[in-house]
Each structure stands twice: as structure tokens, then as C-alpha cells.
Amino acid sequence: MATIKPSGYSKHRKKQTYTRRLGTRATPMQMLFSERVGGMGALILVIACLPLLLSNNYQYDVAITMGINAIVVVGLNLLVGYAGQVSLGHAGFFALGAYASAILTTRYGLHGALALPAGALGVGVLAYLIARPILRLSGHYLAMATLGVGVIIHIVLDREAWLTGGPDGMYVPTIEVAGVPLYGGAIWYWIVAAVLILTVWLALNLIDSPIGRALRGLHGAEVAAEVAGVDTTHYKVMVFVISAVLASVAGSLSAHFSEFVTPDSASFFHSILFVTMVVFGGMASTFGALIGAALLTLLPQLLADFSGYEQMILGLIMMLVMIVMPRGLLPTLVGLARRRQREARS
Amino acid sequence: MLDIEGLTSHYGRIQALDGVDLTVGEGELVALVGANGAGKTTLLRCVSGVQPVTGGRVLFEGKDITRASPHTRVALGIAQVPEGRQMFGPLSVEDNLRLGAVRRKGPKVADDLERMYERFPILKEKRRQPAGTLSGGQQQMLAICRALMSHPRLLLLDEPSMGLAPLLVREIFDTVARLKEQRTTLLLVEQNAHAALGIADRGYVLETGRMVLTDTGPRLLSNDRVKEAYLGL
């Protein structure tokens, strides 16, 4: 075959000067409000200022849990929100990360700073092996398969007591770095904050890259993506692995911070909680995911005064938000603000 | 360039294609016509690889691609404009085009973008808008451009005139004819048999999964059986 492209196109070659970039350059004002620059700035600002409001260990505890959940949810949002693939088993990967850290440090004497990447690597390989067959499924079938994965992980952690300590859970020793024990809210707050900022930065870059474009493409128009030349299985597997690894990292952090792990961290309810955070904050919005994670971690704490009824009230709030804001918290609010702006202009 | 031999395909237990043969030579515009449910779209989907083949072979430039995945076929030079346009609705017009070039990188992609915009200035005007907000005709233009972004040697067009106003239908067929003049090889599936056979070098008539007629475009147009069944004359 001689011709590589429809030959008619080459006639106009180079006649046109290349002006596209000029036309799209954002003003400094626009950059400030863009997701990448403005959003990152706001996130760092909030994280930096939050400790001023934290006065005791309990409050640090809640803030750190928010951060750990946010790492999982930002990763899960890549899979659920952007690529449109449901997972009801991500707590399983979270728990595997936590147990990897627990087991490798207590039983094999590995340093915590090495146990975390080792766990992440293991979970990444496992997620890859699982993803190849199950991501051929879609919709309800994919949800069922991932649910199965989560349940299996939960049962294994619960039953293999010789390794995991069984239902009683497992103690995780304090990590020491250069003779300093990493203990207490203040230290862990900054560790989790750093990992979270890194995660958000990674997610935003991934979404803006050609990979992100392919992911958004296969969401909703998978056949079109396939015939456009997108290797859809490859991208789905990749984003599944990335989200599983992030869950594992969050699990490891959680294990070392709370110094205790139980099989309940792999429970089905925990998986559902992560997905709920994604949907609540707003699918396909990284900052929505952050807000979803923060609010749904905080709300049960704030509602603790309604002893016995807090779950009911939480459910009610979630239902109301989803009825009034079906696209999730952040996308709805952003859409509202944009409309106001347009109306004010016209 | 494209040789289909004895192709069969099923949806579950229902047979959609029954031993279909078809060839498309280099630079040819071949039209595939037939009634609703004859298997035209299924045949195209078998060529692009999104529909499993249950028997027979698909050869592209002599190479057996019957079992190749859709994205490897795109890499080989087959692009499809799917039925119903299949936009990436929430993505911008430009992102849609860029996804068409997902397997290529570098400044050449930007050159191609400019050429598409030159061809259809309305797409340039709307390049920041979500593709879902375009009109049907504009979406069809975009779908064609998106397929062209992969530099196909064989372009598969599935019902490009479907659901469009008569004026737009003419514009689409003009576009297809222009692509042919530029020596793009085309396989066109259409319910609008008159328009399709009018611009095609050769045509095939598909009836309930079997190929019943094949001839040059003009001769099929004057064929009594075709006239009666598809042209309403």
C-alpha cells in the first residue's frame, strides 16, 4: 500500500499558520479560577490553615480520616466518575494495603516506609490480574464482580487468622524515622496532607492528558471510542489499577496512623461508603470527590449528638442532596454559579 | 483492499449475516444498500471489529483481521463513522477530533485539526463547545472528521444521512463524493439507496443477511428489482 492518508488532505499543507495555541491561552484571571491552578491553590490553602482550627486529638483524628478517605475517593472517582466503571469492592484494596503494612512490619520486620510501596505494588499486580477478566463486563455485571472481589478479600482477612489475626484485627507498630517515632495527630496530619496533595495533582494531570480524554470518551460512547482507535480495555484496566493502588496507599497510611487494623475495613459497607462519597460530591469532578469525602466523614461526627438516630439523619441528608442535586454537590453548585454569572452579564 | 469471504455473524442465536462476500478495491466507493434489518450495520461492525464474527474471514490488504481488536484495525487503517454518529457528548468538539487521532502524537495532529476546521469552519467556531450541543448535521460532519483524524485508508460510513434534513443529506453526500475524488477508499452503508448508488462505483444489495445482487452503481440504479424494492419506483 502506497498512500498512508487520503491524499487530498496534503494539498493544503502548511498554508495555514499555526494559531491554535494563541487563541486558547488563558488570562491570569481565568487561570486563577481554573481547576488545576485555582483549585490546587485553594486545596493547599485549606490544608495549610486547617490545623489552626484543630485543638485536640479527636479533631485531628477526624481531619486525618477525611484526608485518607479523600485519597481513596479521588482515585475511585477516576474510575467511577471519569471512566464510568463501577466498583463496589474498593474497600478490599484499601484493607489489603492496610494489612500489607501491618503484616510486613510486624511479622517480617520491614520498615513502614517500605511496607507501603510493597503493599501498593502487590495490590497493583492483583488489581491488574483481576481487572483483565472483569473489565470485559459492564454495568450491573461489573458492579457484581467487583462486589465479589471485595467480599472475598473481606472473608480471607477474617478467616486466615494465623496471618491476619482474624476478626480481632491486628496491632501495627509505630514507624520510626531516624529515631523519631511517627506518632500523634500533628505528624500524621502533614503526612496524609502531602500524599493527598500529590494524589490530587496526579489525578488532575491524568484527566487533562490524552489518557484522560480517552477515559472520558469511553464513558458513555464505548463503541465510538473503540472504532476511534482507543484500546478501551487497556485504559479501563489502567485506571482500575491506579485507583486500587491509591486505595492501598490510603489503607497503609490508615494502618500506621491508627496502629490497628480489622477486617471490617474491607467490609461491603466501607466500599459503598467510598462510592457514595464520589456520587455525593459529584461524579467526574476531582474537587467534588474531595468535598464528598470530607463531608461524609465529618457529618456522622457532627450528628453524633442524635445518638441512635445519626445514621437515619445522615441517610435523609444524602437522599435530599441527591434529589435536589442529582449531579452531586460541586458540579451543581458550579453550574449554578456559572448561570448566575451569565445572567448578570446579559 | 478489503475482502470479505463467507462472513457469518450472530446476535445470540439469531443469525444476522449468512455467508456474505464483498470486496472493496483501492480508491473505490462501494455502497451497501438494503432494507432495515438486512444486516448492513452488522457487516460494517464486523469490519471495524466491534461485532464478533462467527464464520468466514475478513481480509484487509491481504491480511487476515477476522480476530483483530478494533484498535489494531484502526492502526492498520480502518476507520468507522458509527451509526447514529456516537459523539463523545460531554467532550468538546476539539477533544472529539483529538480522540480520533488517539493513536498518533505530535504537531501533525494539530495540522490535521486545522485541515478539518478548514473543511468545516463551523466546527472551528464551536470547537470549545460540548459535541452534544451540536445539531445533527454538524455532529455528522464531526463524526466524519473524527474518523478522518486517524488517517484511514478505508473509511466505513454507517448511515451518514440518517435523521438529517434533506438539505443536509445532500451536503453529506457531497462530502462523501469529495472524499472519493481525493481517492479515499469508502464503504458506505445507506438506507437512502438512490443517493448512495448515485455516487458509488459499485453497489451491493443485502437482504436478510444474504448478498443478493452486486453490480456497478448506475446499473443497480436501473435494475428493476432494486427499483421496485428500494427506490419505490
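Residues numbered from 1 in each chain as written. Chains lettered and ligands numbered in written order. Predicted model: local features only at pLDDT ≥ 70, side-chain atom pairs only at ≥ 80, totals over all residues.

Test applied: UniProt positions are given in the numbering used here, feature names are shortened, and annotations may be inferred rather than shown by experiment.
An unreviewed UniProt entry annotates chain B as ABC transporter ATP-binding protein originating from Roseospira marina. Among the UniProt annotations of chain B, the heading Sequence similarities (unreviewed entry) holds the following wording: "Belongs to the ABC transporter superfamily."

A look at the overall build of chain A
Spelled out, the test is: Per the convention used, a helix needs a DSSP run of H or I reaching at least four residues, while a strand needs a run of E reaching at least two, with both numbered from the N terminus. Three exposure classes are used, based on other C-beta atoms lying within 10 Å of a residue's own C-beta, which is placed from the backbone: buried for 20 or more, exposed for 12 or fewer, and partly exposed in between. Contact definition: two residues whose C-beta atoms, as placed from backbone geometry, lie within 7 Å.
Of regular secondary structure, chain A possesses 16 helices and four strands. Considering chain A as a whole, with its 346 residues, one finds that 42% of them fall into the buried category. Long-range pairs, those at least 24 residues apart, make up 76% of the contacts in chain A with a sequence separation of at least 6.

Re unusual backbone geometry
With phi around 60 degrees, Glu259(A) is a residue other than glycine that occupies positive phi space. In this fold, Glu259(A) is placed in the loop between helix H12 (232–258) and strand S4 (260–261). Assessed through the 14 C-beta atoms surrounding it within 10 Å, Glu259(A) is described here as partly exposed. A positive phi angle, close to 65 degrees, is found at Arg183(B), a residue other than glycine. Its place among the elements puts Arg183(B) in the loop between helix H7 (166–181) and strand S8 (185–190).

Focus: the interface of chain A and chain B
Stated formally: Each residue is assigned to one class: nonpolar for Ala, Val, Leu, Ile, Met, Phe, Trp, Tyr, Cys and Pro, charged for Asp, Glu, Lys and Arg, and polar for all the others, Gly among them.
Each partner contributes to the interface: chain A provides 27 residues, whereas chain B provides 35 residues. When contributions to the side of chain A that touches chain B are tallied by element, the ones reaching two or more residues are helix H10 (210–218) and helix H11 (222–227) of chain A. Ranked by residues supplied to the side of chain A that touches chain B, first place goes to H10(A) with five residues. Residues of the side of chain A that touches chain B, tallied by class, amount to 13 nonpolar, eight polar and six charged.

Some words on the confidence of the model for chain A
Residue and element names in this part refer to chain A. Threshold: One number per residue, pLDDT, summarises how confident the predictor is, and it ranges from 0 to 100.
For chain A, the average pLDDT comes to 86, and 90% of its residues sit at 70 or higher. Ranking the helices and strands of chain A by mean pLDDT puts helix H5 (residues 90–106) first, with 95, and helix H1 (residues 20–24) last, with 40. Contacts of residues 1–24 to residues separated by more than four positions or lying in other chains number 20 contacts, the stretch itself having pLDDT below 50.

Topic: the sheet that holds strand S3 (residues 29–34) of chain B
Strand pairing in a sheet relies on backbone hydrogen bonds, with the paired strands running either antiparallel or parallel. All names here are of chain B. Selection rule: At least two bridges found by DSSP between two strands is the condition for calling them paired. Fitting a line to C-alpha atoms yields each axis, with helices limited to the stretch in contact; the angle taken between N-to-C directions then spans 0 to 180 degrees.
In spatial order, the strands read S6-S7-S8-S3-S9-S10; together these six strands make up an open sheet with mixed pairing. Since the sheet does not close on itself, it has two edges, and those belong to strand S6 (78–81) and strand S10 (210–216), each with one partner. Mean inter-strand twist for the sheet, computed between neighbouring axes without regard to direction, equals 15 degrees. Note that strand S7 (residues 154–158) and S8 share five bridges and pair parallel. Residue pairing for S8: Leu-157 is matched across the bridge by Leu-188. Together, S3, S7 and S8 form the strand contacts of H7, whose direction differs from that of S8 by roughly 155 degrees.

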